[in-house]
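Descriptive analysis of the structure
Chain residues, written in single-letter form:
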Amino acid sequence: MRTIEWHDGTVVTIDQTKLPNETVILNLKNCSEMADAIKTMKIRGAPLLGAAAGFALALTAHHSRAASRDELINELDSAAKIIRATRPTAVNLFWALDRILGKARAIPGNAADLAAFVIEEAKKIADEDVAANHLIGKHGAKLIQDGDVILTHCNAGALATVDYGTALGVVRAALEQGKLVKVIAAETRPLLQGARLTTYELKRDGIQVTLITDGMIGYVMHKRMVDKVIVGADRIVRDAVINKIGTFTVSVLAKEHKIPFYVAAPTSTFDFTRTAEEVVIEERKPEEVTHIGSQRIAAEGIGVLNPAFDITPFKYVTAIICENGVLDKRYYSKFSSQLL
Ligand code: MRU
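Cut-offs and rules
- Residues numbered from 1 in each chain as written.
- Predicted model: local features only at pLDDT ≥ 70, side-chain atom pairs only at ≥ 80, totals over all residues.
- Heavy atoms only, no water.
- Buried < 20%, exposed > 50% of the residue type's maximum accessible area, 1.4 Å probe, protein only.
- Helix = DSSP H or I, 4+ residues; strand = E, 2+ residues; numbered from the N terminus.
- Pairing = 2+ DSSP bridges.
- Right-handed = clockwise from strand over helix to strand, strands pointing away.
- Axes fitted to C-alpha atoms, helices over the stretch in contact; angles between N-to-C directions.
- Contact = heavy atoms within 4.5 Å.
- Phe/Tyr/Trp six-rings, centres within 6.5 Å; stacked < 30°, edge-to-face > 60°.
- Lys NZ or Arg CZ within 6 Å of the ring centre and 35° of its normal.
- Core = buried A, V, L, I, M, F, W, Y, C linked by side-chain atoms within 4.5 Å.
- Near = heavy atom within 4 Å.
- Polar contact = N/O pair within 3.5 Å; in protein donor to acceptor, adjacent residues only side chain to side chain.
- Areas by Shrake-Rupley, 256 points an atom, 1.4 Å probe, with all protein chains shown as cover.
- Nonpolar A, V, L, I, M, F, W, Y, C, P; charged D, E, K, R; others polar.
- Salt bridge = Lys/Arg side-chain N within 4 Å of Asp/Glu carboxyl O.

A few words on the pairing of strand 4 (residues 149-153). Most of strand 4 sits inside the fold, with 5 of its 5 residues counted as buried. Note: strand 4 against strand 5 (residues 182-186), 5 bridges, orientation parallel. Paired with Val149 across the bridge in strand 5 is Lys182. Following the chain from strand 4 across helix 6 (residues 167-176) to the adjacent parallel strand 5, one finds a crossover that is right-handed. In the sheet, strand 4 pairs with strand 7 (residues 228-231) via 2 bridges, with the strands oriented parallel. Each residue of the ladder has a partner; that of Leu151, found in strand 7, is Val229.

Pasting the structure below:
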């Protein structure tokens, strides 16, 4: 099964907060159920958020009783507003909404034609994500040697996308080419996407994975246990890569140890209209840090910071792997140099 599917007016997906202990399938029927699933991170990962945003509009269109085209456009605008307010950092979510709404406004036809278009476009976004990930895998696998150990952070796998994954797509493609590749997964505090999701999906697919805590990354690099780092991205801006909190630390450690640091992401994650300073970094509730699961681990009444993402300046990024190929510093530093 893909991570997200359209079943004639219902969006079927997996509740990622319950993995790996339980496999709970969600059947989402409308935009507010989708918004709730995104906010509570039952659905997460930038490319998957793009597909989910598209399907939120598809659900709105499918169940609409709008009598006119204008009425349906208004309903779609209201649905998009709800989805835009869920999570601010991953650009794919905004990209998918803008793509569908922009095209919908331009096409002719009545409300029924428009609804059919929106549903098809949402499905297309999901299909294109799978195709992009396979291409990312194909391009990225050229950088991988037989026997490489790849460190990854958070979950940039099939679960974070519609299928196959970005960073883990590169691992899958290298294995498909017959290279023996192993993964070290950093647990990714506070929500443990590495421990819960990356290890789960790699184990499920028979890929060798070793779990470490975030604090062990320097140790494994110093001991030469890591050949390459590959991570995903939530937004690639003119001067930096924005990804799960902890990614910047991994990149600095990789540079210090002369380990290549690759970012694998589809072009739907690129946002070269902005710099990192102009992006809202999501701040999540303190309980995610003071608790592990439902268990409180910190003293009451303390200050807590919980930014969900951090900023990795381009100087730490060896190359960006996207569906169009491997983009080295010459490509993306031109966006930074235009800022000077
Ligand atoms: O908060 P999350 O779990 O949605 O964050 C996910 C990440 O940071 C991923 O690395 C990123 O979205 C890329 S997924 C291919």
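That covers the picture; the talk isn't over yet.
Glancing now at the sheet that holds strand 10 (residues 261-264). Spatially, 6-5-4-7-10-14-15 is the arrangement adopted by the 7 strands of the open sheet, whose pairing is mixed. The open sheet has two edge strands with one neighbour each: strand 6 (209-212) and strand 15 (325-328). Between one strand and the next, the sheet's axes are offset by a mean angle of 25 degrees, whatever the strand orientation. The sheet contacts of helix 9 (residues 247-256) involve strand 4, strand 7 and strand 10, and relative to strand 10 the element is tilted by about 145 degrees.

With the rule as written, the count across this model stands at 3 aromatic pairs. Between Trp6 and Phe55, the aromatic rings sit 5.9 Å apart at their centres with planes inclined by 10 degrees, giving stacked as the arrangement. Taken together, the positions of Trp6 in strand 1 (residues 4-6) and Phe55 in helix 2 (residues 46-63) put the pair 49 residues apart, joining distant regions of the chain. By the burial criterion, Trp6 is buried, and Phe55 matches it. A ring pair is formed by Phe270 and Phe272, whose centres lie 5.2 Å apart and whose planes are at 50 degrees; its orientation type is tilted. A cation over a ring is seen here: Lys244 above Phe309, with NZ or CZ 4.3 Å from the ring centre.

Once that is clear, we can look at the nonpolar core. Of all hydrophobic cores here, the largest spans 48 residues; its most connected members are Ile4, Met34, Ile43, Phe55, Leu57 and Ile83. Listed by contribution, the elements that provide at least two residues to this core are strand 1, strand 3 (25-28), helix 1 (31-39), helix 2, helix 3 (69-84), helix 4 (91-106) and helix 5 (111-141). For this core, the element with the highest residue contribution is helix 2, accounting for 12 residues. The residues touching Ile4, leaving out its near neighbours within four places in the chain, are Val11, Val12, Thr13, Met34, Leu48, Ala51, Ala52, Phe55 and Val162. Counting residues in each nonpolar core, the second largest holds 29 residues, with Val220, Val241, Val250 and Phe270 among its members.

Taken residue by residue, a regular strand's side chains alternate between the two faces of the sheet. Direction of pairing for strand 14 (residues 319-322) relative to strand 15: antiparallel, over a ladder of 4 bridges. Residue Ile321 lies in a different strand from strand 15, and its bridge partner there is Val326.

Let us now look at the site of the ligand. Lining the immediate surroundings of the ligand are 19 residues, of which Ala46, Arg87, Asp234, Asn243 and Lys244 lie closest. Gln193 is positioned with one of its side-chain polar atoms (N or O) 2.9 Å from an oxygen atom of the ligand. Separating an oxygen atom of the ligand from a side-chain N or O atom of Lys244 is a distance of 2.7 Å. In the complex, 99% of the free accessible area of the ligand, which totals 410 Å², lies under the protein chains. Considered class by class, the residues forming the shell around the ligand number 8 nonpolar, 7 polar and 4 charged.

With the rule as written, the count across this model stands at 21 salt bridges. Arg172 serves as the salt-bridge partner of Asp205, at 2.8 Å between the closest nitrogen and oxygen. Here Arg172 lies in helix 6 and Asp205 lies in the loop between helix 7 (193-204) and strand 6, a separation of 33 residues in the sequence. With a relative accessible area of 37%, Asp205 lands in the partly exposed category. For Arg330, the salt bridge is made with Asp328, and the minimal N-O distance between the two is 2.4 Å. The class for Asp328 is partly exposed, based on a relative accessible area of 27%. Three or more residues joined by partner-sharing salt bridges are found here, namely Arg99, Lys103, Glu121, Lys124 and Glu128.

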